[in-house]
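Next come the chains, spelled out residue by residue.
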Amino acid sequence: MATETLTTGEVADQANVNVQTVRYYERRGLIPEPPRSSGGFRQYSPDHVSRIRFIKRAQELGFTLEEANELLQLRVTPEADRADVRAVAQDKIEEVEGKIRDLRRIRDTLDELVEACEGHGSTSECPILHAMEGPAGNGTSAIQE
């Protein structure tokens, strides 16, 4: 029984990505290079579609392409354990928590700067603009904390 083969466009459609994404994933080694027809056309399998969907879902959850590839490798490594997958996910949670803390700090700082700005008058005395004048890392304390 012959295995279903798909063109690059069909894989892209079924995985809900564009053709360039399929080719990029192939160049990066995220999906295996498919065999080619006698005419030189790539012949993808439904497994390629599943793998691309997996990668895209991992990205939606915040994983990088490298991390998605790590998860894919864990999926096919016989000696891998759920604990290995869990550790990767736990690392991602810690990274996300750090980003949330950073975003809250940024929001709080912006709240303080907006509160300090009367909203009228010369921009030369604007506390928001003054807070951004120094070099990165050497700005006002409001930006750093």
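Can you break down the pattern of salt bridges residue by residue, with the values?
It is possible for side chains of opposite charge to pair when their charged atoms get near one another. Tallied over the entire structure, the rule returns seven salt bridges. When the shortest N-O distance is used, the salt bridge between E26 and R42 registers 3.2 Å. One end of the pair, E26, is in helix α2 (residues 19-27); the other, R42, is in the loop between α2 and α3 (46-60), and 16 residues separate them in sequence. Overall, the relative accessible area of 13% leaves E26 in the buried class. Judged by relative accessible area, R42 falls into the partly exposed class, the value being 24%. With a shortest N-O distance of 3.2 Å, R107 and D108 are connected by a salt bridge. Accessibility expressed as a relative area gives 45% for R107, which makes it partly exposed. Through salt bridges with shared partners, one network takes in E67, K92, E95 and K99.

Describe in detail helix α1 (residues 8-15), supporting the description with residues and values.
Residues T8, V11, A12 and A15 constitute the buried set of α1. Within α1, the buried residues cover an arc of 100° as seen down the axis, which keeps them to one side. The inward-facing, buried residues of α1 contact α2 and α3. Looking one or two residues past α1, N16 carries a phi angle of roughly 60°, positive in sign.

Describe the state of the cysteines, and please don't skip the residues or the numbers.
A full pass over the atoms with the stated rule returns zero disulfides. C117 takes part in no disulfide bond, and the closest cysteine sulfur, belonging to C126, lies 4.1 Å away. Given a relative accessible area of 24%, C117 falls into the partly exposed group. Since its relative accessible area comes to 13%, C126 is described here as buried.

Procedures and definitions
- Residues numbered from 1 in each chain as written.
- Predicted model: local features only at pLDDT ≥ 70, side-chain atom pairs only at ≥ 80, totals over all residues.
- Heavy atoms only, no water.
- Salt bridge = Lys/Arg side-chain N within 4 Å of Asp/Glu carboxyl O.
- Helix = DSSP H or I, 4+ residues; strand = E, 2+ residues; numbered from the N terminus.
- Buried < 20%, exposed > 50% of the residue type's maximum accessible area, 1.4 Å probe, protein only.
- Arc of directions from axis to C-beta.
- Contact = heavy atoms within 4.5 Å.
- Disulfide = S-S within 2.5 Å.

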